[in-house]
Amino acid sequence: MKPLAAARREVLSAMRLLPVLEVPLDRAQGLALASDVIAPHAVPSFANSAMDGYAVRVADVADPPVELHISEDVPAGHVASGSVRPGSVIKIMTGAPIPEGAEAVVKVEDTEPVPGGRVRIMASVPMGTAVRPAGGDLAEGQLVMPAGVRLGPVHLGVLATIGVSAPRVRRRARVAVLSTGDELFPADAQSLPPGGIRDSNRPLLKGLLSDVGVEIVDMGIIPDQEERLRAALKEASAAADVTVTSGGVSMGEYDLVKQVLSSLGDVGLWKVAMQPAKPFAFGLIHGTPLFGLPGNPVSALVAFEQFVRPSLLKMMGARALFRPRVPAVAGHSLRTNPEKTVFVRVVVDLEGGRMVARSSGGQGSNVLSAAAVANGMAVVPRGVASVGEGEPVAVEMLRSPETRREEDTPDE
Ligand code: AMP
Ligand code: MG
């Protein structure tokens, strides 16, 4: 048995980086930057008002209330034609450039209109009040995002701000996915023959893949027939950057995948010291990595998380390959296996200032419904003989705890 960390290192070292290209912002979410992004100009590029109000000289409003002449109005997107001269103000809107001569903005709430183009200023202001200085967000030449950042919605907004409309990123991986097994039928099968089940792994894996942001090539269900499987794997490795299969990698008599794999390329059947998902096939078919995940759905999920997800992120140039791990305490004793790394599907909740992890239900590798309830996987390392109630355990988070429902949203 290979220890998990060593197996993962071996898998990751076989991953090649995908090519770099420029992708428009509206197709770049989930992709990783291929080079550092440097600010080409300061942001904001000009000093502007943080408030709707009046641009003033500080000395003019030092002793409020005081009535001053409004020389002009500047809405956002316009520039004042004149400057703020002593005894006058310029009416200014949020985002409009600070006029020459202005030293601060008095917000509109601290003023009263006076007929005849004048305003009464009710408050004094220190220099710079409600002025957003040029470069207050980003300085020209500053590192905005390093290579390897995976672009999320906020990154896209920042890139737009600095005029990067098509960032340099690594291409989306194309991933072929197929299920193997004579017993499998698609989800829309209305009735099943004796011994038949519905294929849960393909929807599961496609969902996991789309969260990683890859392009999916769905190759369907392949029966346990050597020639069909060989043809499908050849086609998959030609069409995609990575092939992900499920089923047929255990020790069973009908497990063809491993035979077909060894005839097609440099693929091995591994026993990884982890629970679930011990059997796992990995290798290259004509240079295309193949991940042969176990058939039991929970095993497929865990093996995907431990091997496939970080591998795809590496290929796509991401610098963070792994899910966040949070320190939690066990809410009750957790399953252990001194020989293997055990992944316990758990629900993690914040209780009294600590994260508490409790089993999400049945831990059998076929019990997918309990994995659906889980928001994390507690990682019980090899060599650990027991994790009792209240003892620390690391949890790899799959999603955030659902601590807030509409009815218990605090008054903030
Ligand atoms: P295998 O690894 O092919 O021996 O399959 C192990 C177990 O997982 C068997 O009970 C299979 O019926 C089940 N299984 C395999 N593939 C799938 C799938 N795509 N969806 C649901 N269950 C599956
Ligand atoms: Mg099978």
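Use the structure listed above.
Residues numbered from 1 in each chain as written. Chains lettered and ligands numbered in written order. Predicted model: local features only at pLDDT ≥ 70, side-chain atom pairs only at ≥ 80, totals over all residues. Heavy atoms only, no water.

**Student:** Please give an account of unusual backbone geometry that cites residues and values.
**Tutor:** Cis geometry marks the peptide bond from V43 to P44, where omega comes out at -10°. Assignment of secondary structure puts P44 in the loop between β2 (37-38) and β3 (48-49). Here P64 and P65 are connected by a cis peptide whose omega angle stands at -5°. Its location among the elements puts P65 in the loop between β4 (53-56) and β5 (66-74). Located in the positive-phi region is A130, a residue other than glycine, with phi close to 60°. Following the sequence through the fold, A130 ends up in the loop between β9 (118-121) and β10 (131-132). Among the residues examined, A130 registers a relative accessible area of 18% and is labelled buried. (Helix = DSSP H or I, 4+ residues; strand = E, 2+ residues; numbered from the N terminus. Buried < 20%, exposed > 50% of the residue type's maximum accessible area, 1.4 Å probe, protein only.)

**Student:** So what's going on with the nonpolar core? Residues and values would help.
**Tutor:** Counting 61 residues, the largest nonpolar core has F280, F291, L293, F307 and L312 as the members making the most contacts within it. Sort the elements by how many residues they give to this core and helix α6 (residues 297-315) lands first, with eleven residues. In this view, F291 contacts V11, M15, V242, T243, V244, T245, F280, A281, F282, F307, V308 and S311; residues no more than four positions away in its chain are not counted. If you look at the next biggest cluster of nonpolar residues, it comprises 19 residues, including A176, V249, L256 and L290. (Core = buried A, V, L, I, M, F, W, Y, C linked by side-chain atoms within 4.5 Å. Contact = heavy atoms within 4.5 Å.)

**Student:** Now, about the site of ligand 1: what can you tell me, with residues and values included?
**Tutor:** Ligand 1 sits among 15 residues. The nearest are E183, D199, S200, G248 and G295. With respect to ligand 1, the backbone of G248 contributes an N or O atom lying 2.7 Å from an oxygen atom. Calculation on ligand 1 without its partners gives an accessible area of 480 Å², and the protein chains cover 77% of this total. Counted by class, the shell around ligand 1 contains three nonpolar, nine polar and three charged residues. (Near = heavy atom within 4 Å. Polar contact = N/O pair within 3.5 Å; in protein donor to acceptor, adjacent residues only side chain to side chain. Areas by Shrake-Rupley, 256 points an atom, 1.4 Å probe, with all protein chains shown as cover. Nonpolar A, V, L, I, M, F, W, Y, C, P; charged D, E, K, R; others polar.)

**Student:** Outline the packing of aromatic side chains, supporting the account with residue identities and numerical values.
**Tutor:** Under the definition given, this model contains five aromatic pairs. With 4.3 Å between their ring centres and 15° between their planes, F280 and F307 make a pair best called stacked. Pair noted here: F280 is in strand β20 (residues 279-285) and F307 is in helix α6, with a separation of 27 residues, a long-range link. Just as F280 is buried, F307 falls in that class too. Seen in terms of ring centroids, F282 and F291 are 5.1 Å apart; in terms of plane orientation they differ by 55°. Their pairing is tilted. With respect to class, F282 is no different from F291; both count as buried. The side chain of K2 reaches across the aromatic face of W270, ending 4.2 Å from its centre. (Phe/Tyr/Trp six-rings, centres within 6.5 Å; stacked < 30°, edge-to-face > 60°. Lys NZ or Arg CZ within 6 Å of the ring centre and 35° of its normal.)

**Student:** Describe in detail the packing of helix α1 (residues 4-13) against α6, supporting the description with residues and values.
**Tutor:** Between α1 and α6, the least distance of the axes is 10 Å, while the angle of their chain directions is 35°. Taken as a pair, α1 and α6 cross one another with a handedness that is right-handed. In this structure, α1 uses L4, A7, R8, V11, L12 and S13 to contact α6, whose residues at the interface are Q306, F307, P310, S311 and K314. Partitioned by chemical class, the residues of the contact of α1 with α6 number six nonpolar, three polar and two charged. (Axes fitted to C-alpha atoms, helices over the stretch in contact; angles between N-to-C directions. Left-handed = near helix turned anticlockwise from the far one by under 90°.)

**Student:** For the pattern of salt bridges, give the residues involved together with the corresponding values.
**Tutor:** Close approach of charged atoms lets side chains of opposite charge pair. Inspection of every chain in the model, using the stated rule, returns 15 salt bridges. Residues D218 and K206 are paired through a salt bridge, measuring 2.6 Å at the closest nitrogen-oxygen approach. Here the residue D218 occupies a position in strand β16 (residues 215-222), and K206 occupies one in helix α3 (residues 201-212), the gap between them amounting to twelve residues. On the basis of relative accessibility, which here comes to 34%, the residue D218 falls in the partly exposed class. Given a relative accessible area of 29%, K206 falls into the partly exposed group. Across the pair R230 and E227 runs a salt bridge whose closest N-O atoms are separated by 3.3 Å. With a gap of three residues between them, R230 and E227 both fall in helix α4 (residues 226-239), about one helical turn apart. Residue classification places R230 among the buried positions, given a relative accessible area of 17%. (Salt bridge = Lys/Arg side-chain N within 4 Å of Asp/Glu carboxyl O.)

**Student:** So, the environment of G220: which residues are in play, and what are the values?
**Tutor:** Mapped onto the elements, G220 comes out in strand β16. Taking the C-alpha atoms as reference, G220 lies 33 Å from V395; in sequence the two are 175 residues apart.

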